[in-house]
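# Residue-level structure breakdown
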Amino acid sequence: MRYALAVVSVGVAFVLQRALWPVMTSTPYLAFFAAVVFSSWRGGWGPGMVSTGLSLVLVQYFFLQPLEAWRLEPDTGAPLLFFLALSLFATTLNVRLRRANAERADLLARERSSRAAAEYERARMHELFMHAPAHLAIFRGPQHVFELSNPLHSALLGNPARLLGLPAREVGPKEEAERVARILDHVYTTGEPFVGREVHLKLPQPDGSLRDYIFDATYTPTHDTRGQVDGIAGFGFDVTDLVHARARAERLARELSHNEEHLRILAGASSFLATSLDYQATVRNVVRLAVPTLADWCLIDSALEDGSFQRMEVEHADTEPEALAEALRIRTTYVSGIPQLAGRAPLFHGQPFFIEDFTDDLLPQLTNDPARVALLRKLRVRSLVVVPLVAGEHSLGLLSFVTTHRSGRSYTAADLPFLQELANRAALSMENARLYREAREAVRLRDEFLSIASHELKTPLTPLNLKLQALRRELDRNPGPVPREVVERYLDVGSRQLKKLAELVNDLLDVSRIAAGRLSLECAPVDLVELVRDVVTAYEGPAARSGSALQLEAAEAVMTGLWDRPRLEQVVVNLVDNAIKYGQGRPIQVRLEVRDGKAAMTVRDQGIGISEESLPRLFGRFERAVSDRHYGGLGLGLYITRTLVQAMGGTVRVESLLGQGSVFTVELPLAAPSAKAGDPAP
């Protein structure tokens, strides 16, 4: 096609030249030069050269002298050469122009393609940025103006109505915005990227509160065509849940490790605590088990009957001052303040008391004793756990675990179940030791009681047997009737001994009834003055034989109440009989009076008295404050007396000093008693 256009263009030039020849004889090359230019412009070198060659042939044959002859004259050679040179020059220019246009077109096509690809990539990158599972933002200029923020990042900032175009310092909470802006300033100034791991930021929530987020953040500088920093690209990944999950996993791993250690300790705790059935040794084993493995200090407080506590054992680690141990042994430093600090006193409901972070601010709530406060300050407590020692329904006391700032250890809520389980095992071992001690004491008391009972039961039998033998000898000596006064004398002695024997047996039966809960009262109106007067009259003879004189003082003529007369008489007899037995032949005073609406009976002797350490156990079963070698009795009289008085709604107490006699006081209600007729005694 290109060569055909070249031939056609030469043909057109020939026709135009022939048509214009009459008027353009001097310029035979003009039309053909145009054909050469057109051919080279359209076709390049090949068509240009074809057009040039055809033009030279046609010009030489048809338009140069001699016309229509192939002879070349000297004066026509130069124009032909000039035409050839111009044609070659024009062809060269057209070829280069054609090539330049082709290259330009190719470059334009490439540019359009590249621009389209760039637009596509930009749209794709924008799409990726906007939907990426990361927080992305682009800042421009030294003020870090927002140029782009993907939806995730915008939502993190609370989706402000206007974000793009704002400086970073004006977006979000002031403190956090300033903190981020300082990082951006450093990146923009130095050109060094910032990579932060687990960066904490507090950002606002829809409800106005602040939430702590944790990010892995990267800020990378962007550069212009001159290589200067013109902006910053920020990338952030929310690792809050990941960090929390890792923290939970680490905590679970620590707890698992602690649990393994705890199980190992518990596995050996029972066998270690069972190494001795001695109560004191068991208590020492408990604190030795806790220190130093579990605590820096371990303390045991024993529960008393009045609800208070008494310090029993203190153990501490080698790192703790020994000087504090003695002070802790003589002071109950915190137990009295725990109910106030804990609100509802969980210790008395079987729950442990726990302070994870013990501070000096808590000291005034634990105790108002300056010495105790100073002691606790020196102790430098960090964590405190107080666990009740409970065996069944019996409260044994409190077991305290303490860590101090010297060791740096502390307890957490996860340690409570283990410490409580350890306390349960300790309580079981202590209860076993206590029961073993009580069993041994019961066996000792049983053996002692059997020895005393056999002796006491034999005491009236021996004189009774002797009198019967003497009566037999009298009968053998006198074949006739025995004198009445002799028989009556023997009968009096026998009656007294039988009565004494009956009293001993009745005491044993009463103890059995009390233990079985079958001791009952039959209450009816009773005049206490009359009853006491009868008892005093009956015991004037025994008192006289011991050298004592019974003195009755009754301020009131009548003191009437609803009581069980035989049991009340038994109470009076027991107290009067004890006064005669231990009165050392000195006067005995029995006084009756009304105090605060109650009938009060006081029995005072001036005998041997009772030691101070024996007073608390005086009303116990089988308890004796004197030696059984010098004084008889089963140790049951006062126990039965207290039980009967309490059953009738009264109280009994004793005041005594060794060597200065004793005063027993019984108070009974004159109004309706606490026990009704037929009710069992407690």
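Please read these numbers as outputs of a predicted model, since none were measured by experiment. (Residues numbered from 1 in each chain as written. Predicted model: local features only at pLDDT ≥ 70, side-chain atom pairs only at ≥ 80, totals over all residues. Heavy atoms only, no water.)

Here we take up the overall build of the chain. If you tally the helices and strands in the chain, you get 18 helices and 17 strands. A total of 682 residues make up the chain; the buried ones form 40% of that total. Taking all contacts inside the chain whose residues are at least 6 apart in sequence as the whole, residues at least 24 apart take part in 61%. (Helix = DSSP H or I, 4+ residues; strand = E, 2+ residues; numbered from the N terminus. Buried < 20%, exposed > 50% of the residue type's maximum accessible area, 1.4 Å probe, protein only. Contact = heavy atoms within 4.5 Å.)

What follows deals with the confidence of the model for the chain. Predicted confidence across the chain gives a mean pLDDT of 77, with 77% of residues reaching 70 or more. No element of the chain has a lower mean pLDDT than helix H10 (residues 338-342), at 50, and none a higher one than strand S17 (residues 662-669), at 90. Counting interchain partners and residues more than four positions distant, the pLDDT-below-50 stretch residues 627-632 has 10 contacts. Note that residues 673-682 has pLDDT below 50 and, in this model, 28 contacts with residues that lie over four places away or in other chains. (pLDDT = per-residue confidence, 0-100.)

The next subject is helix H17 (residues 565-582). For the α-helix, the turn length of 3.6 residues means that residues three or four positions removed from each other point alike. If you check H17, its first and last C-alpha atoms are 26 Å apart, about what 18 residues at 1.5 Å a residue would give, namely 26 Å. Burial runs high along H17: 13 of the 18 residues are buried. (Expected span 1.5 Å × (residues − 1).)

Let us now look at the sheet that holds strand S1 (residues 135-140). Strand order across the open sheet formed by five strands is S2-S1-S5-S4-S3, with antiparallel pairing between neighbours. Only two strands of the sheet have a single neighbouring strand rather than two, namely strand S2 (145-149) and strand S3 (194-204). Going across the sheet, the axis of each strand differs from the next one's by a mean of 30°, ignoring polarity. Direction of pairing for S1 relative to S2: antiparallel, over a ladder of four bridges. Bridge pairing in S2 links Ala-137 to Ser-149. Contacts from helix H6 (residues 174-190) reach S1, S3, strand S4 (210-223) and strand S5 (229-238) within the one sheet, and its direction differs from that of S3 by about 155°. (Pairing = 2+ DSSP bridges. Axes fitted to C-alpha atoms, helices over the stretch in contact; angles between N-to-C directions.)

Our next topic: unusual backbone geometry. Of note, the phi angle at Glu-198 is positive, near 55°, even though the residue is not glycine. One non-glycine residue, Arg-380, lies in the positive phi region at around 55°. With respect to the secondary-structure elements, Arg-380 resides in the loop between helix H12 (370-379) and strand S9 (381-391).

What the rule picks out here adds up to 17 salt bridges. The partner of Glu-147 in a salt bridge is Arg-140, with the nearest N and O atoms 3.0 Å apart. In this structure, Arg-653 engages Glu-667 in a salt bridge whose closest nitrogen and oxygen atoms are separated by 3.7 Å. Note that Arg-653 is positioned in strand S16 (residues 651-656) and Glu-667 in strand S17, a separation of 14 residues in sequence. (Salt bridge = Lys/Arg side-chain N within 4 Å of Asp/Glu carboxyl O.)

To continue, consider the packing of helix H9 (residues 322-330) against H12. At their nearest, the axes of H9 and H12 sit 11 Å apart, and the two run at 145° to each other. Of the two elements, H9 crosses H12, and the hand of that crossing is left-handed. Residues Leu-324, Ala-327 and Leu-328 of H9 pack against Leu-375, Lys-378 and Leu-379 of H12. Looking at the contact of H9 with H12 residue by residue, the classes come out as five nonpolar, no polar and one charged. (Left-handed = near helix turned anticlockwise from the far one by under 90°. Nonpolar A, V, L, I, M, F, W, Y, C, P; charged D, E, K, R; others polar.)

A separate point is the side chain of Ser-51. Structurally, Ser-51 can be placed in helix H3 (residues 45-63). In terms of polar contacts, Ser-51 uses its side chain to reach the backbone carbonyl oxygen of Ala-35, at 3.4 Å. Those residues within four positions of Ser-51 in sequence are excluded, and the remaining contacts are Ala-6, Ser-9, Val-10, Ala-35, Val-36 and Ser-39. (Polar contact = N/O pair within 3.5 Å; in protein donor to acceptor, adjacent residues only side chain to side chain.)

Attention now moves to the sheet that holds strand S6 (residues 297-303). Spatially, S7-S6-S10-S9-S8 is the arrangement adopted by the five strands of the open sheet, whose pairing is antiparallel. Because the sheet does not close on itself, it has two edges, and the strands there are strand S7 (309-316) and strand S8 (353-355). Neighbour to neighbour, the strand axes of the sheet diverge by 15° on average, direction disregarded. Sheet topology note: the S9/strand S10 (residues 394-404) ladder contains 10 bridges and is antiparallel. Looking across to S10, one finds that Val-381 is bridged to Thr-404. Along the sheet face, H9 touches S6 and S7 and points at about 165° away from the line of S7.

What follows deals with the pairing of S17. Burial analysis of S17 places eight of its eight residues in the buried class, the great majority of the element. Neither face of S17 is exposed, since Ser-662, Phe-664, Val-666 and Leu-668 on one face and Val-663, Thr-665, Glu-667 and Pro-669 on the opposite face are all buried. Alignment of strand S15 (residues 598-604) against S17, held across seven bridges, turns out to be antiparallel. Following the sheet pairing, Lys-598 is matched in S17 by Pro-669. In the sheet, S16 pairs with S17 via six bridges, with the strands oriented antiparallel. Residue pairing for S17: Val-654 is matched across the bridge by Phe-664.

Turning our eyes to something else, we now look at the side chain of Asn-578. Mapped onto the elements of the fold, Asn-578 is located in helix H17. Beyond its immediate chain neighbours, meaning those up to four positions away, Asn-578 contacts Gly-583 and Leu-638.

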